[in-house]
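# Summary of structural features
The residues making up each chain are set out below.
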Amino acid sequence: SQDTFHATSYDVMAMAIITLQALAGMWINAFIVSVLCIAWVKKKSFNSNEKILLFLGCNRFLYLCIIWVYHFLVLFYPWWFHVHPIPELHAATQNFLNFSDLWVSACLSGFYCIKIANFRHIFFIYLKVKIDRIVPCLMLTSVLLSLVIGILAYNITEEVHCNNHSSTTLGNYWEITVRMDEYVLPIFFITGFGFATAFMAVISSALLLLFSLWRHKHKMQTQSVKNISVDAHIKAMKSILSFLLIYSINFVCLVLTLIYVTKTQNSVIFPILIIHYAIPSVHSLILIFSNPKLEKILLRTLSCVKCKVCMR
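What counts and what doesn't
Residues numbered from 1 in each chain as written. Predicted model: local features only at pLDDT ≥ 70, side-chain atom pairs only at ≥ 80, totals over all residues. Heavy atoms only, no water. Salt bridge = Lys/Arg side-chain N within 4 Å of Asp/Glu carboxyl O. Helix = DSSP H or I, 4+ residues; strand = E, 2+ residues; numbered from the N terminus. Buried < 20%, exposed > 50% of the residue type's maximum accessible area, 1.4 Å probe, protein only. Core = buried A, V, L, I, M, F, W, Y, C linked by side-chain atoms within 4.5 Å. Polar contact = N/O pair within 3.5 Å; in protein donor to acceptor, adjacent residues only side chain to side chain. Contact = heavy atoms within 4.5 Å. UniProt positions renumbered as here; feature names shortened; annotations may be inferred. Expected span 1.5 Å × (residues − 1). Phe/Tyr/Trp six-rings, centres within 6.5 Å; stacked < 30°, edge-to-face > 60°.

Another point: the pattern of salt bridges. Evaluated as defined, the whole model comprises three salt bridges. Its salt-bridge partner being Lys293, residue Glu50 comes within 3.1 Å of it at the nearest N-O pair. Note that Glu50 is positioned in helix 2 (residues 48-76) and Lys293 in helix 8 (residues 292-311), a separation of 243 residues in sequence. Across the pair Asp101 and Arg60 runs a salt bridge, and its minimum N-O distance is 2.5 Å. Taken as a pair, Asp101 in helix 3 (residues 86-116) and Arg60 in helix 2 lie far apart in primary sequence, 41 residues in all. Taken as a pair, Asp101 and Arg60 share a single burial class, namely buried. Here the salt bridges share partners, and the residues they tie into one network are Lys43, Glu50 and Lys293.

Okay, structure coming up:
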């Protein structure tokens, strides 16, 4: 009974941490969505940058909601995940939201690169002119590819679920031990494909921006001219490099999760998941402080909240 108590206490503590993370992340992304929607209503127009930020805000809000609901059900109603098609739908939805977030974030890096970098190549000039039309197509492609991965995740989870039921008798129904070894290869392949494509886009954007910045600074030193384009390059570089760092951490977390799931080491998986779940909120915060308008409104909102708390 003592072991059960410790296990229950650990689960409750984990649920409390995940709840705090989810609430903080949902508040951050709800802030982005609400500010952009209010600006959209006032201006009656929406630029490409705002479209991407709005999509990321909505996507991450839903992702954090699903994460919280999943852990709540696992803790208090674990038998729900033995009922078809709840585990399949959860796997499909989580993978869809995760990969659409990943690829649209990569689209944001590409957008910064095309908008800010200065190259005279005819193809790059064409992209710069047509970028506002290209962005919706890239976002739609990202969503469709994520939908395909969600369907694949649904099928893999359904196969695991069916195999568990076929190899489990009524006597040991609640003591299912899932061997994931045979399913790790397709999961690794799907994860690797998604991260590789996003990684290539982000790396390419960072290198092109870095080269453009070097050329621009060299030109300014030659002509002894100052230009605000340098600040734009540096801000874009910071945003892209921050996403690259977050991307790398996220990839390591997912790989470690897949490795330790096969060994059922929950004490190791939990800290990895905490880092993985924090990434959408951290990147959203970086996007807020990279956008002068969002940063100004956030600081003003926090100062108002602080004044109201002090008045009480």
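From this point, the narrative continues.
Core analysis: the largest hydrophobic core is formed by 48 residues, its most contacted members being Ile52 and Leu209. If you list the elements that add at least two residues to this core, you get helix 1 (2-43), helix 2, helix 3, helix 4 (122-166), helix 5 (181-223), helix 6 (229-261), helix 7 (266-290) and helix 8. By residue number, the principal contributor to this core is helix 3, which donates eleven residues. With ten residues, the next largest nonpolar core counts Ile67, Leu273, Ile274 and Tyr277 among its residues.

Topologically, Ser105 is positioned in helix 3. Side chain to side chain, Ser105 and Arg60 meet in a polar contact 3.2 Å long. Here Ser105 is in contact with Leu56, Arg60, Phe243 and His283, once residues within four sequence places are set aside.

The sites that carry the UniProt feature "transmembrane region" (unreviewed entry) are, in the present numbering, residues 12-41, 61-82, 102-127, 134-156, 183-211, 240-262 and 268-290. The span residues 61-82 shows a helical share of 73% and a strand share of 0%, and its end C-alpha atoms are spaced 26 Å apart.

With 31 residues, helix 3 ought to run about 45 Å at 1.5 Å a step, and its terminal C-alpha atoms sit 45 Å apart, in line with that. With 25 of 31 residues buried, helix 3 is to be regarded as a mostly interior element.

It is worth spelling out the environment of Leu244 at this point. Looking at the element boundaries, Leu244 is found in helix 6. The class for Leu244 is buried, based on a relative accessible area of 15%.

For the structure on display, the rule yields nine aromatic pairs. Pairing Phe72 with Phe76 gives two aromatic rings, centres 4.9 Å apart and planes at 50°, and the pair type is tilted. Here Phe72 and its partner Phe76 are both found in helix 2, four residues apart, which amounts to about one turn of the helix. What makes Phe72 partly exposed here is its relative accessible area of 28%. Overall, Phe76 belongs to the partly exposed group, its relative accessible area being 44%. For the pair Phe119 and Phe124, a centre-to-centre distance of 5.1 Å together with 80° between the ring planes defines the contact as edge-to-face. This pair shows no difference in class: Phe119 is buried, exactly as Phe124 is. Three or more aromatic residues link up through ring pairs in this structure, and these residues are Trp68, Phe72 and Phe76.

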